[in-house]
Amino acid sequence: MTRQQRAAIIFVLFNTSDNTRSEVLNMETQHLGLSESETETEKENIESSFNNGIKNLNSNQLNNLLKSINESEINVDEIKRKLTFYGVEEHFHENIIQFFEDYFQANQSIDVGDLDREFKGVQVASRDNFNTIINQGWSGDWLLTPENIDPKRIQIASMNESGTFPRGYYLNADIVRVEPIKYGDQIRYRVFISNPIVINTGNRNVKFNVNPVRYIK
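I will try to describe carefully the structure that is included in this document. All values reported here derive from a predicted model rather than from experimental measurement.

**With respect to the pairing of strand 5 (residues 169-183)**
Along a regular strand, successive side chains alternate from one face of the sheet to the other.
Now for step 1: Bridging between strand 4 (residues 153-158) and strand 5 involves five bridges; their strand directions are antiparallel. In the sheet register, Ile156 faces strand 5, and the bridge partner there is Leu171.
Now for step 2: Inspection of the sheet shows strand 5 paired to strand 6 (residues 186-200) by 13 bridges, in the antiparallel sense. Bridge pairing in strand 6 links Ile181 to Arg188.

Set out below in structure tokens:
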């Protein structure tokens, strides 16, 4: 689990009510690509970082700090000064500062091809909802060459600015089959999938290529 992923979940927890926080944490940690035991350990770490960190700020305080940091470099001494002014106890400062460092690291530009360096197959970029893709069992229709897909795997990178699966999320799946779909004089391909897994990298500033289809071998 990366620091960006942890910071993204901590931020979601801050904007969640106390009575639904546990449920939301369970849901968010499903998209990390971890084993069951690893997930439980990370959930404990996230809860600890949250409870001993930004949970001790109110919404206005957090937003003011985010705004001031977004307009300049992270100044640890200035953050500590503001936290003291807000009445936040000193033993919470380290986790809060760590959150800000990790949260803004997710603003660094990342190429879409670097979301998952171990992936091989065909990568596409889409604004389609991942839940829709999973429920219908296919994605498309794409201008691609089926023979160039080796191995038979697909990665769908989200181009959405907001919503349930915004930029930084991707879906990996096995390709069951590829069916040609006629669009006038053009042939596109519908990709049918199985074993889909959704991953949240925590990165918000993903840069996409002009061509939404890329073969990775």
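Alright, that's what it looks like, and here's the rest.
**Some words on the environment of Ile46**
Now for step 1: Position of Ile46 relative to the elements: it lies in helix 3 (residues 36-51).
Now for step 2: Spatially, the C-alpha atoms of Ile46 and Asp116 are 23 Å apart, while their sequence positions differ by 70 residues.
Now for step 3: Those residues in contact with Ile46, other than ones at most four positions away along the chain, are Met1, Arg6, Ile9, Ile10, Leu13, Leu25 and Thr29.

**Quick word on the nonpolar core**
Now for step 1: In this structure, Ile54, Leu57, Leu62, Ile96, Phe99 and Phe100 are the most contacted members of the largest nonpolar core, which totals 26 residues.
Now for step 2: Per-element tally for this core: the top contributor is helix 6 (residues 93-105), with six residues.
Now for step 3: Not counting chain neighbours up to four residues away, the residues in contact with Ile96 comprise Gly53, Ile54, Leu57, Leu83 and Val88.
Now for step 4: In this structure, Ile133, Ile149, Ile154 and Leu171 belong to the second largest nonpolar core, which totals 19 residues.

**Digging into unusual backbone geometry**
Now for step 1: Residue Asp141 is bonded to the preceding Gly140 through a cis peptide linkage, with omega at 10 degrees.
Now for step 2: Residue placement: Asp141 occurs in strand 3 (residues 138-142).
Now for step 3: For the peptide bond that leads from Asp150 to Pro151, omega is 5 degrees, which places it in the cis range.
Now for step 4: By the secondary structure assignment, Pro151 is in the loop between strand 3 and strand 4.
Now for step 5: For Asn195, which is not glycine, the phi dihedral falls at a positive 50 degrees.
Now for step 6: Relative to the helices and strands, Asn195 is located in strand 6.

**Points about the packing of aromatic side chains**
Now for step 1: Enumeration over the complete set of coordinates arrives at seven aromatic pairs.
Now for step 2: In textbook terms, an aromatic cluster arises when at least three aromatic residues are bridged by ring pairs, as seen for Phe11, Phe99, Phe100, Tyr103 and Phe104.
Now for step 3: Lying over the aromatic face of Trp138, Arg190 brings its terminal NZ or CZ to 4.0 Å of the ring centre.
Now for step 4: Above the ring of Tyr103, the side-chain terminus of Arg204 is found at 3.9 Å from the ring centroid.

**Some thoughts on the pairing of strand 4**
Now for step 1: Within strand 4, five of the six residues are buried, which leaves the element mostly enclosed by the surrounding structure.
Now for step 2: Bridge count for strand 2 (residues 121-126) against strand 4 is five bridges, and the pairing is parallel. Looking across to strand 4, one finds that Gln123 is bridged to Gln155.

**With respect to the side chain of Gln155**
Now for step 1: If you trace the backbone, Gln155 turns up in strand 4.
Now for step 2: For Gln155, a relative accessible area of 1% puts it in the buried group.
Now for step 3: Within the local environment of Gln155, its side chain forms a polar contact with the side chain of Gln123, the two groups lying 2.8 Å apart.
Now for step 4: Sequence-distant contacts of Gln155, that is, excluding residues within four places in its chain, are made with Asp116, Phe119, Val122, Gln123, Val124, Tyr170, Leu171 and Asn172.

Analysis parameters
The residue numbers shown here count from 1 along each chain, following its written sequence. Restriction of local features to residues with pLDDT of at least 70 applies here, the model being predicted, together with a cutoff of 80 or more for giving and counting side-chain atom pairs; totals for whole chains, interfaces and linings are based on all residues. To obtain the side-chain values, all non-hydrogen atoms of the structure were included, while hydrogens and water were left out. Between any two strands, at least two bridges found by DSSP are needed for them to pair. By the criteria applied, helices consist of DSSP H or I runs no shorter than four residues and strands consist of E runs no shorter than two, each listed in order from the N terminus. Here a residue-residue contact requires only that any non-hydrogen atoms of the pair lie within 4.5 Å. The term nonpolar core refers to a set of buried residues drawn from Ala, Val, Leu, Ile, Met, Phe, Trp, Tyr and Cys, joined through side-chain atoms within 4.5 Å. The classification of residues rests on relative accessible area computed with a 1.4 Å probe and restricted to protein chains. Under 20% of the type maximum is buried, over 50% is exposed, and intermediate values are partly exposed. Only centres within 6.5 Å qualify two rings of Phe, Tyr or Trp (six-membered ring in Trp) as a pair; their planes then separate them into stacked at under 30 degrees, edge-to-face at over 60, and tilted for everything else. Sitting over a ring, as applied to charges here, requires NZ of Lys or CZ of Arg to be within 6 Å of the ring centre and within 35 degrees of the ring normal. What qualifies as a polar contact is a pair of N or O atoms within 3.5 Å, subject to a donor-acceptor requirement within protein and to the restriction that residues adjacent in sequence count only when both atoms come from side chains.

So yeah, pure geometry; function would need other evidence.
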